[in-house]
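# What the coordinates show
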Amino acid sequence: MIIALDGPAAAGKGTLARRLAEAFNLAYLDTGSLYRATGVATLRAGGDPAKESDAVKSAQTLDMSVFSPSDLRTEQAGVAASQVAAIPGVRAALLDFQRNFAKNPPGGAAGAILDGRDVGTVICPDAPVKIFVIANFDTRVARRVNELREKGENIIEARIRADMEARDARDSDRSVAPLKPAADAFKLDTSNLTADEAFAQAKAHVISKLKTLNESVPPRAAKPE
Ligand code: DC
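These lines cover the structure that appears in this document, whether it is placed above or below. (Residues numbered from 1 in each chain as written. Predicted model: local features only at pLDDT ≥ 70, side-chain atom pairs only at ≥ 80, totals over all residues. Heavy atoms only, no water.)

## Details of the overall build of the protein chain
Looking only at helices and strands, the protein chain has eleven helices and five strands in total. Here the protein chain has a C-alpha radius of gyration of 17 Å; the compact-globule value for 225 residues is 17 Å, and the two agree. Considering only C-alpha atoms, the protein chain reaches an extent of 50 × 35 × 30 Å along its principal axes. Every one of the 225 residues in the protein chain was classed for burial, and the buried ones make up 47%. Pairs at least 24 residues apart make up 79% of the contacts formed inside the protein chain by residues separated by at least 6 positions. (Helix = DSSP H or I, 4+ residues; strand = E, 2+ residues; numbered from the N terminus. Rg over C-alpha atoms; globule rule 2.2 N^0.38 Å. Buried < 20%, exposed > 50% of the residue type's maximum accessible area, 1.4 Å probe, protein only. Contact = heavy atoms within 4.5 Å.)

The following block contains the structure:
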């Protein structure tokens, strides 16, 4: 059982992925954290995240254990991530780890859910369930601003808006694994949905998709919440 959950920055993927993981007893991998860690590692080494040799070296020697979640969730980490993510050698270096996680989920989980940009198109093109989450630009900016302010980052909204515009363009226009929905993805627009509503719609889709595919729904999903 693999769920591929893709979409642009701040569309609500992370919250949704964690809740689906809990509901269906799946191991969760935030694939963006690998790109963020590669970007931060490059900066820490005094390198340039946009420079191929610097970024590829960081990806090939990546040690996730040296980063705390707060190291990776800054705006600076997000910008560096989108720069390293456009480099084919970086994507190649991170591919096996992601596929292996999906195939052999840790902790005895019933399967895996991976969120990112290219999970349904490149990492797990055969995933039985694919969801592509979208939200309009202003909503995504507002969510990212709130997220960063809640973490105590001193940010300027206009700067976040400009960064997000640049990141959207880089994620969508790059030649390797650009952000796009898989042809068989369920598209979920969360612009006007609460987190609970988005979760309810995604969960209903997973259950109906699994029924269609004649696969059993993992037991935890059947329990009342
Ligand atoms: O989802 P996020 O904001 O943590 O992602 C950070 C950056 O990493 C984003 O700009 C694009 C890149 N990324 C990617 O190219 N492919 C993925 N599977 C996940 C993230």
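After that view, the rundown keeps rolling.
## Some points on helix H6 (residues 88–103)
A rise of 1.5 Å per residue sets the reference length of H6, with its 16 residues, at 22 Å; its end C-alpha atoms lie 23 Å apart and thus fit the reference within 8%. The axis of H6 is deflected most strongly, by about 35°, at Leu 95. For H6, the set of buried residues is Val 90, Arg 91, Leu 94, Leu 95, Gln 98, Phe 101 and Ala 102. (Expected span 1.5 Å × (residues − 1). Bend = angle between axes of the 7 residues up to and from the residue.)

## Here we look at the sheet that holds strand S4 (residues 129–134)
With respect to topology, five strands assemble into an open sheet ordered S2-S3-S1-S4-S5, the strand pairing being parallel. Each edge of the open sheet is held by one strand with a lone partner, namely strand S2 (26–30) and strand S5 (186–189). In this sheet, adjacent strand axes meet at a mean angle of 20° when their direction is disregarded. (Pairing = 2+ DSSP bridges. Axes fitted to C-alpha atoms, helices over the stretch in contact; angles between N-to-C directions.)

## Observations regarding the site of the ligand
Residues in close proximity to the ligand total 16 residues, the closest being Arg 36, Arg 91, Arg 117, Arg 167 and Arg 174. At 2.7 Å from an oxygen atom of the ligand is found a side-chain nitrogen or oxygen belonging to Arg 36. One nitrogen or oxygen atom from the side chain of Asp 118 is found 3.0 Å from a nitrogen atom belonging to the ligand. The fraction of the free accessible surface of the ligand (450 Å²) that becomes covered by protein chains is 98%. Taken together, the elements giving at least two residues each to the shell around the ligand come down to helix H2 (31–44), helix H5 (75–84) and helix H9 (157–173). Per-element accounting of the shell around the ligand gives the leading share, four residues, to H2. (Near = heavy atom within 4 Å. Polar contact = N/O pair within 3.5 Å; in protein donor to acceptor, adjacent residues only side chain to side chain. Areas by Shrake-Rupley, 256 points an atom, 1.4 Å probe, with all protein chains shown as cover.)

## Re the packing of H2 against H5
If you want to describe how two helices pack, look at the angle between their axes and the distance between the axes. Put simply, H2 and H5 touch, their axes get as near as 7 Å, and they point 100° apart. Considering their axes alone, H2 and H5 lie roughly perpendicular with respect to each other. Listed contacts from H5 to Tyr 35, Arg 36, Thr 38, Gly 39, Val 40, Thr 42 and Leu 43 of H2 are Gln 76, Ala 77, Gly 78, Ala 80, Ala 81 and Val 84. Across the contact of H2 with H5, the residue classes tally to seven nonpolar, five polar and one charged. (Parallel < 35°, antiparallel > 145°, perpendicular 65-115°, else oblique. Nonpolar A, V, L, I, M, F, W, Y, C, P; charged D, E, K, R; others polar.)

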